[in-house]
Amino acid sequence: MLRETMLERARSRAAPWDVLVVGGGASGVGVAVDASSRGYDVLLLERGDFGKGTSSRSTKLVHGGVRYLRQGNLALVAESLRERAILRANAPHIVTDRTFVVPAYAAWERAYYGAGLTLYGMLAGRAGFGASRLIGKDEALRRVPALQPRGLRGGVVYHDGQFDDARLLIHLVATAAERGATLLNYARVEAFTRDGAGAVDGAVARDLETGEELAVKAKVVVNAAGPFGDAVRRLVDPGAEPTMTPSQGIHLVFDGAFLGGEDAVLVPRTADGRVLFAIPWHGRVLAGTTDTPIATPVEEPVPLDAEVTLVLETLARYWRNAPQRADVLSAFAGIRPLLRANAGRATSLISREHAIRVEAGRLLTITGGKWTTYRAIAEEVVTRAAALAGLPERRCHTRTLHVHGHDLTARPGDPLAVYGSDAAAIHTLAAAEPSLDRPLHPALPYRAAEVVWAARSEMARTVEDVLARRTRALYLDARAAGEAAPEVARLLGRELARDEAWCAAQVASFRALARAHRLS
Ligand SMILES: Cc1cc2nc3c(=O)[nH]c(=O)nc-3n(C[C@H](O)[C@H](O)[C@H](O)COP(=O)(O)OP(=O)(O)OC[C@H]3O[C@@H](n4cnc5c(N)ncnc54)[C@H](O)[C@@H]3O)c2cc1C
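Residues numbered from 1 in each chain as written. Predicted model: local features only at pLDDT ≥ 70, side-chain atom pairs only at ≥ 80, totals over all residues. Heavy atoms only, no water.

**Let's talk about helix α2 (residues 26-37)**
Here is step 1: In this model, α2 (12 residues) spans 16 Å end to end at C-alpha, consistent with the 16 Å of a helix rising 1.5 Å per residue.
Here is step 2: Counting buried positions along α2 gives 11 out of 12 residues, so the element sits mostly inside the fold.
Here is step 3: Those residues of α2 that sit buried are Ala26, Gly28, Val29, Gly30, Val31, Ala32, Val33, Asp34, Ala35, Ser36 and Ser37.
Here is step 4: At the exit of α2 stands Gly39, carrying a positive phi of roughly 95 degrees. (Helix = DSSP H or I, 4+ residues; strand = E, 2+ residues; numbered from the N terminus. Expected span 1.5 Å × (residues − 1). Buried < 20%, exposed > 50% of the residue type's maximum accessible area, 1.4 Å probe, protein only.)

Shown next, in the form of structure tokens:
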């Protein structure tokens, strides 16, 4: 995975690509993995870094969706639970089993949520992660010492999947690259070209590092630009009707002590009728999410005050010593590209099911979906795209395709476990150059060797790439991440042969971003 090699391949290929993918999030990279593993020639162009959009800002659950269960959308829940099991089998180093507690403060809640979660388990069938069961007050408090004991009547324990979204994404990029796909970050698609019959037959993109224009031809184009899917469609038809409703969700991150144990908590009903999760994640607690309709998607969404208040107030109702605004280590927002079908209803009621739309002959747009089902969506998209482009029919392999790094021996306590089989190479780097064995910051679980690894093997190009997505420092502790920026810039500058001015500009820009992730 060298950006120079990827760029050269994109630049020099004269023959049309079988499949051109616009967007390097879960949807686009999923398509690249599927299409390349079927033996098609794939080019993926991402305007920012891989995962820069929604795909690095999720709740990090591989789940059927308890919320969809409540809506009675059983087909979506069952499909997601099947995909959950497939993903855990294919990426066991990144997807783990997490035990959840649903606290009950009213007598009916225990029975009601107990019945719902039994159904959840039944829908998973043999793909289940463990049976749910009712628990008493003592066990609920033992599992989650942070819970408010006053009025607590016990609860329900159930199991679901948890993962690191940006880490899975970069390992999927590697999986596609290993199967011959060309994937380029910092390459923005700015226009499409059409053939004599008016069908889309290629794109004009810009390499954002050099400003160079790239003209590429393709037999079919997949628009996987997530919340920006409509903007990409308008490059072909400026009058195209919108297909999605953007909705923002936020998460707040706290010290792990605010949960006090290893179990996650699902708050079944917030003041606005949603579910809220508080989940242990890399030694911290991740609490969210909200669902706020927004007018227009932006590249760097920020939490709204009302959203922060809602999360803090919900925690205050359930927590013994509720965290305060000043306890927030990081606050981040992501945008859901929801299908527009039911526009006008509350966005949390719109189904997460995806849609695939074909326009301008051979432009397929994916709208909606969720991380958990990215593989199934990609399978459907590639089968349709191949038929549209007249590519030779080939079977999908991704149900059993191991994701890069697949490693059943990875130990959960090892800070490098999430790298899977790459962990050994990072240890070797650190052993060869002792200065790389140093922590990046006392409050962060990362070492200098990870920066060098990210630059050499994972196409990290900026300080933000390293601190937001190759590591998750920005989300674990925004202040500490800002303090670590100069050291990361120095290491990255050395790897990428950049000068001091570049390093200084990188530090300034990352620190502005880190400030926007802090509430105090
Ligand atoms: C708050 C929140 C929590 C969520 N939690 C979960 C969860 O726990 N579990 C779950 O399964 N799902 C979850 N989801 C849903 C899941 O995150 C999304 O469905 C998924 O990440 C969408 O991926 P995507 O590739 O479609 O979009 P994105 O990740 O946004 O990717 C689109 C990419 O296209 C790029 N792009 C845009 N325009 C261009 C252009 N002109 N040229 C090149 N590139 C371009 C963007 O830079 C971006 O990287 C959550 C979503 C939100 C918002």
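**Some words on the nonpolar core**
Here is step 1: In terms of nonpolar packing, the biggest core is built from 117 residues, with Leu168, Leu183, Phe192 and Phe510 touching the most fellow members.
Here is step 2: Among the elements that take part in this core, helix α15 (residues 478-496) stands out by supplying 10 residues, more than any other.
Here is step 3: Sequence-distant contacts of Phe510, that is, excluding residues within four places in its chain, are made with Val463, Glu464, Leu467, Leu474, Ala481, Gly482 and Ala485.
Here is step 4: One finds Val285, Ala287, Val311 and Leu315 within the second-largest nonpolar core, a separate group that totals 29 residues. (Core = buried A, V, L, I, M, F, W, Y, C linked by side-chain atoms within 4.5 Å. Contact = heavy atoms within 4.5 Å.)

**Points about the packing of aromatic side chains**
Here is step 1: On inspection of all chains with the given rule, the structure shows 11 aromatic pairs.
Here is step 2: Pairing Trp108 with Tyr112 gives two aromatic rings, centres 5.7 Å apart and planes at 65 degrees, and the pair type is edge-to-face. Here Tyr112 and Trp108 lie together in helix α5 (residues 107-124), a separation of four residues that amounts to about one turn.
Here is step 3: A relative accessible area of 52% means that Trp108 is categorised as exposed.
Here is step 4: Of the residues examined, Tyr112 reaches a relative accessible area of 47% and is grouped as partly exposed.
Here is step 5: Here the aromatic rings of Trp108 and Tyr113 are separated by 6.1 Å at their centres, their planes lie at 45 degrees, and the arrangement is tilted. (Phe/Tyr/Trp six-rings, centres within 6.5 Å; stacked < 30°, edge-to-face > 60°.)

**Points about the pattern of salt bridges**
Here is step 1: One pass over the full model with this rule turns up 48 salt bridges.
Here is step 2: Between Asp49 and Arg470 there is a salt bridge, with its nearest N and O atoms 2.8 Å apart. With a gap of 421 residues between them, Asp49 in the loop between β2 (42-45) and β3 (61-62) and Arg470 in helix α13 (residues 463-470) connect regions that are remote in the sequence.
Here is step 3: In this structure Asp49 comes out as buried when scored by relative accessible area, which is 0%.
Here is step 4: Ionic pairing is found between Glu190 and Arg188, a salt bridge with its closest N-O pair at 2.6 Å.
Here is step 5: What makes Glu190 partly exposed here is its relative accessible area of 26%.
Here is step 6: One network of salt bridges, with partners in common, ties together Asp49, Lys52, Arg57, Glu300, Glu464, Asp465, Arg469 and Arg470. (Salt bridge = Lys/Arg side-chain N within 4 Å of Asp/Glu carboxyl O.)

**Notes on the site of the ligand**
Here is step 1: Around the ligand lies a shell of 37 residues, among which Ser27, Glu46, Ser55, Leu61 and Thr372 are the nearest.
Here is step 2: Contacts to the ligand include Ser55, whose side-chain N or O atom sits 2.5 Å from an oxygen atom.
Here is step 3: Interatomic distance of 3.1 Å between a backbone N/O atom of Val189 and a nitrogen atom of the ligand.
Here is step 4: Its free accessible area being 1000 Å², the ligand has 95% of it covered by the protein chains. (Near = heavy atom within 4 Å. Polar contact = N/O pair within 3.5 Å; in protein donor to acceptor, adjacent residues only side chain to side chain. Areas by Shrake-Rupley, 256 points an atom, 1.4 Å probe, with all protein chains shown as cover.)

**Here we look at unusual backbone geometry**
Here is step 1: Residues Gly288 and Thr289 are joined by a peptide bond in cis, for which omega reads 15 degrees.
Here is step 2: By secondary structure assignment, the location of Thr289 is in the loop between β15 (284-288) and β16 (292-293).
Here is step 3: One non-glycine residue, Tyr186, adopts positive backbone phi at about 55 degrees.
Here is step 4: Positioned with a positive phi, Ala497 is a non-glycine residue whose angle comes to about 55 degrees.

**Some remarks on the pairing of strand β6 (residues 155-162)**
Here is step 1: Among the eight residues of β6, eight are classified as buried, and the element is accordingly described as predominantly covered.
Here is step 2: On β6, burial covers both faces: Gly155, Val157, His159 and Gly161 on one face and Val156, Tyr158, Asp160 and Gln162 on the other are all buried.
Here is step 3: As paired strands, β3 and β6 are joined by two bridges and run antiparallel to one another. Opposite Val62, over in β6, you have Gly161 as the bridge partner.
Here is step 4: When strand β4 (residues 96-103) meets β6, the two strands line up antiparallel, connected through eight bridges. Residue pairing across strands places Val101 opposite Val157, the latter belonging to β6.
Here is step 5: Relative to β6, strand β5 (residues 133-135) is paired through three bridges, and the arrangement is antiparallel. What sits directly across from Arg133, in β6, is Val157. (Pairing = 2+ DSSP bridges.)

None of this, on its own, says anything about what the molecule does.
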